[in-house]
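So the chains spell out like this:
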Amino acid sequence: MDVKPFNFQWVFFNTYIGGALREAQYHYRLISWMVWDSDGGGKKIERMQGEGELNHLERPSPLNEREKVLIQDSWAKVYENCEDAGVAVLLRLFVNFPSSKQYFSDFKHVEEPEELERSAQFRKHARRVMNGINTLVESLDNSDKVASVLKHVGKAHALRHKVEPVYFKFLSGVILEVLGEAFPEVVTADVAAAWTKLLATLCYSINAVYEELGWTSLSTSTG
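To start, this report covers the structure provided alongside it. Keep in mind the model is a prediction, meaning the values are calculated, not measured.

Our next topic: the packing of helix H9 (residues 166–182) against helix H10 (residues 189–212). Look at H9 against H10: their axes get within 10 Å of each other, and the N-to-C directions meet at 165°. Relative to H10, H9 is oriented roughly antiparallel. Crossing of H9 over H10 shows right-handed handedness. On H10, the residues that touch Phe168, Lys169, Ser172, Ile175 and Leu176 of H9 are Ala192, Trp195, Thr196, Leu199, Leu202, Cys203, Ile206 and Tyr210.

Right, here's the structure in full:
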């Protein structure tokens, strides 16, 4: 199957313009299926982003007050099940994009999802991811705090962990998919649109940090 290059990052995000959550999930799954079918392992989608190059993203518009409330109210429900939700997100990331496991030395060689789910280190990292999102959500009324948090995350993942920035886009898509499936009564189309804008802001801001640092893709990261 010959798959022509496409811009994955906004195919998923832009689906919400005039659409509902289930339509966005369909596009996300379709893209994942196309890539897996054509490359036999979930790798081609990373290479489509450009090896050694950063995609220049457009700055999303700021969240309005209604969108902030929608995000915070929906997140309160999700965060009640912080660890389980985080585990579901990371498991889906590893299943959809197995190359992401290379950045997790404590459990990158664990193959079975059930074994990962039982891993104390895995669950600890899942909580860390969810706590990071929680800090972001709690700070939505403080743009300086949001910028500071995202700058810290970007620097840490670029300089210390050597994570390709494309994985933040993969993670964002997975977060929206999992939350929509696990909390369908909470994640309405309007809520999904608000979350989409927040996660687009996250990707834009972290991408900007990588650009400032003069990021150069590591050849081993997408191979």
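Attention shifts here to the pattern of salt bridges. Enumeration according to the criterion identifies 9 salt bridges in this entry. Salt-bridge contacts for glutamate 67 lead to lysine 197; the nearest nitrogen and oxygen are separated by 3.0 Å. Of the two residues, glutamate 67 is situated in helix H4 (residues 65–79) and lysine 197 in helix H10; the sequence distance between them amounts to 130 residues. For lysine 197, a relative accessible area of 18% puts it in the buried group. Aspartate 84 serves as the salt-bridge partner of arginine 123, at 3.0 Å between the closest nitrogen and oxygen. In this pair, arginine 123 sits in helix H7 (residues 120–138) while aspartate 84 sits in helix H5 (residues 82–96), placing the two residues 39 residues apart along the sequence. Several salt bridges converge on common partners, so that one network encompasses Glu83, Asp84, Arg123 and Arg127.

Moving on to the side chain of serine 119. Mapped onto the elements of the fold, serine 119 is located in the loop between helix H6 (113–118) and H7. Of note is the side chain of serine 119, whose polar atom sits 3.1 Å from the backbone nitrogen of phenylalanine 122.

Per the stated rule, a full pass over the model turns up 12 aromatic pairs. Considering the side-chain rings of tryptophan 75 and tryptophan 195, the 5.6 Å spacing of their centres and the 50° angle between planes classify their relative orientation as tilted. Linking tryptophan 75 in helix H4 with tryptophan 195 in helix H10, this pair joins segments that are 120 residues apart in sequence. Residue tryptophan 75 shares its accessibility class with tryptophan 195, and that shared class is buried. Aromatic pair phenylalanine 94 and phenylalanine 104: ring centres 5.2 Å apart, planes at 65°, arrangement edge-to-face. Here phenylalanine 104 lies in the loop between H5 and H6 and phenylalanine 94 lies in helix H5, a separation of 10 residues in the sequence. Given a relative accessible area of 6%, phenylalanine 94 falls into the buried group. When its relative accessible area of 14% is taken as the criterion, phenylalanine 104 is described as buried. Ring pairs connect the aromatic residues Phe94, Phe104, Phe107 and Phe122, which therefore count as one cluster.

Scoring rules and cut-offs
- Residues numbered from 1 in each chain as written.
- Predicted model: local features only at pLDDT ≥ 70, side-chain atom pairs only at ≥ 80, totals over all residues.
- Heavy atoms only, no water.
- Axes fitted to C-alpha atoms, helices over the stretch in contact; angles between N-to-C directions.
- Helix = DSSP H or I, 4+ residues; strand = E, 2+ residues; numbered from the N terminus.
- Parallel < 35°, antiparallel > 145°, perpendicular 65-115°, else oblique.
- Left-handed = near helix turned anticlockwise from the far one by under 90°.
- Contact = heavy atoms within 4.5 Å.
- Salt bridge = Lys/Arg side-chain N within 4 Å of Asp/Glu carboxyl O.
- Buried < 20%, exposed > 50% of the residue type's maximum accessible area, 1.4 Å probe, protein only.
- Polar contact = N/O pair within 3.5 Å; in protein donor to acceptor, adjacent residues only side chain to side chain.
- Phe/Tyr/Trp six-rings, centres within 6.5 Å; stacked < 30°, edge-to-face > 60°.

Any functional reading would require information that these geometric values do not contain.
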